[in-house]
Amino acid sequence: MRTNPSVSISPTSPAGQWLQERGVTPLEFNSYGARRGHDEVMVRGTFANVRIRNLMVPGQEGGVTVYQPHGDVLPIYDAAIKYQAAGVPLLVFAGQEYGSGSSRDWAAKGTRLLGVRAVVAQSFERIHRSNLVGMGVLPCQFPDGVSARSLGLDGTESFDLAGLEGGVRPRGEVTLTVHRVDGRVEEVPLRARIDTPIESDYYKHGGILPYVLRRLVA
């Protein structure tokens, strides 16, 4: 659903354009898997799967989104960089078994590097959920019967996550506040998919690596 390491790099993709700007010809691109050690390529390949269907861009497949509030359709990487420059942290809304078929490590690494702070899904693929926590990204689960579609989310909203003060207890409840453009505000209870006490520690420190480094320093 995100970066498939066997997929070739398109010349028109953010990764392909970056490579060409550095003198690499399309014949030399190879696949994302061949370049998985290069962060500049892989972060641009996150959410680049040509079969992604973003409900913000109906009728179009691939790694594109709508940059708000301007309404421009952009590659997800380009939109994420604009949001980072504006200081806007990001949420991903997803359906069932989020993370299935993803490139294991970079699916979570790239998500964090693009500025995503939390993923709200109906359910998660087991390993990807754990990898998100390890990268300091909070996985949250909708209650049964609730989804981005049932809430009528279209991407024009802004959001707050409450209940994170002082850390997140395993399987604790957090609250998603939806601010709609017409002024309406709605609160949705979510289940934080921090499943164990050690995952709570990882998330509190911003991921596994900061957690381990701080323990070594201490």
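Residues numbered from 1 in each chain as written. Predicted model: local features only at pLDDT ≥ 70, side-chain atom pairs only at ≥ 80, totals over all residues. Heavy atoms only, no water.

So, about the sheet that holds strand β7 (residues 173-179). An order of β3-β4-β5-β8-β7-β6 is seen for the 6 strands of this open sheet, with the pairing classed as mixed. Sheet topology places β3 (90-93) and β6 (158-162) at the edges, where each strand pairs with a single neighbour. Between one strand axis and the next, the sheet turns through 35° on average, direction left out of account. (Pairing = 2+ DSSP bridges. Helix = DSSP H or I, 4+ residues; strand = E, 2+ residues; numbered from the N terminus. Axes fitted to C-alpha atoms, helices over the stretch in contact; angles between N-to-C directions.)

Turning next to the nonpolar core. Counting 22 residues, the largest nonpolar core has Phe 47, Tyr 98, Val 119 and Leu 132 as the members making the most contacts within it. When contributions to this core are tallied by element, the ones reaching two or more residues are α3 (76-85), β3 and β4 (116-121). In terms of residue count, α3 provides more of this core than any other element does, 5 residues in total. One finds Val 120, Cys 140, Ala 148 and Tyr 203 within the second-largest nonpolar core, a separate group that totals 20 residues. (Core = buried A, V, L, I, M, F, W, Y, C linked by side-chain atoms within 4.5 Å. Buried < 20%, exposed > 50% of the residue type's maximum accessible area, 1.4 Å probe, protein only.)

Right, let's talk about helix α6 (residues 197-204) for a bit. For the α-helix, the turn length of 3.6 residues means that residues three or four positions removed from each other point alike. Along α6, the positions that sit buried rather than exposed are Glu 199, Ser 200, Tyr 202 and Tyr 203. Projection of α6 onto a plane perpendicular to its axis shows the buried side chains occupying an angular sector of 160°, all on one side. In this structure, α6 carries Pro 197 and Lys 204 as exposed residues pointing more than 90 degrees from its buried face. At the exit of α6 stands Gly 206, carrying a positive phi of roughly 90°. (Arc of directions from axis to C-beta.)

With that settled, consider the packing of aromatic side chains. As enumerated under the stated definition, the model contains 5 aromatic pairs in all. Aromatic side chains Tyr 67 and Tyr 83 sit 4.8 Å apart centroid to centroid with 50° between the ring planes, which places their arrangement in the tilted category. Separated by 16 residues along the polypeptide, Tyr 67 in strand β1 (residues 64-67) and Tyr 83 in helix α3 bring together distant segments of the chain. Across the pair, Tyr 83 and Tyr 67 agree in class, each one buried. Their ring planes at 50° and their centres at 4.8 Å tell us that Phe 93 and Phe 159 sit as a pair that is tilted. With Phe 93 in strand β3 and Phe 159 in strand β6, this residue pair connects regions lying 66 residues apart in the sequence. On the accessibility criterion, Phe 93 (24% relative accessible area) is partly exposed. For Phe 159, a relative accessible area of 24% translates into the label partly exposed. (Phe/Tyr/Trp six-rings, centres within 6.5 Å; stacked < 30°, edge-to-face > 60°.)

Pairing analysis gives 2 bridges linking strand β5 (residues 138-141) to strand β8 (residues 185-192), with the strands arranged antiparallel. In the sheet register, Cys 140 faces β8, and the bridge partner there is Ala 192. As paired strands, β7 and β8 are joined by 7 bridges and run antiparallel to one another. Following the sheet pairing, Thr 177 is matched in β8 by Glu 187. Hairpin remark: β7 followed by β8, antiparallel, with 5 residues in the connecting loop; positive phi at Gly 183, about 95°.

Turning next to unusual backbone geometry. A cis amide bond links Gln 68 to the next residue, Pro 69, at an omega of 5°. With respect to the helices, strands and loops of the structure, Pro 69 is situated in the loop between β1 and β2 (72-75). Unlike most non-glycine residues, Asn 30 shows phi in positive territory, near 65°. Unusually for a residue other than glycine, Glu 97 sits at a positive phi of about 55°. With respect to the helices and strands, Glu 97 occurs in the loop between β3 and α4 (104-113). Classification of Glu 97 by relative accessible area gives partly exposed; the value is 41%.

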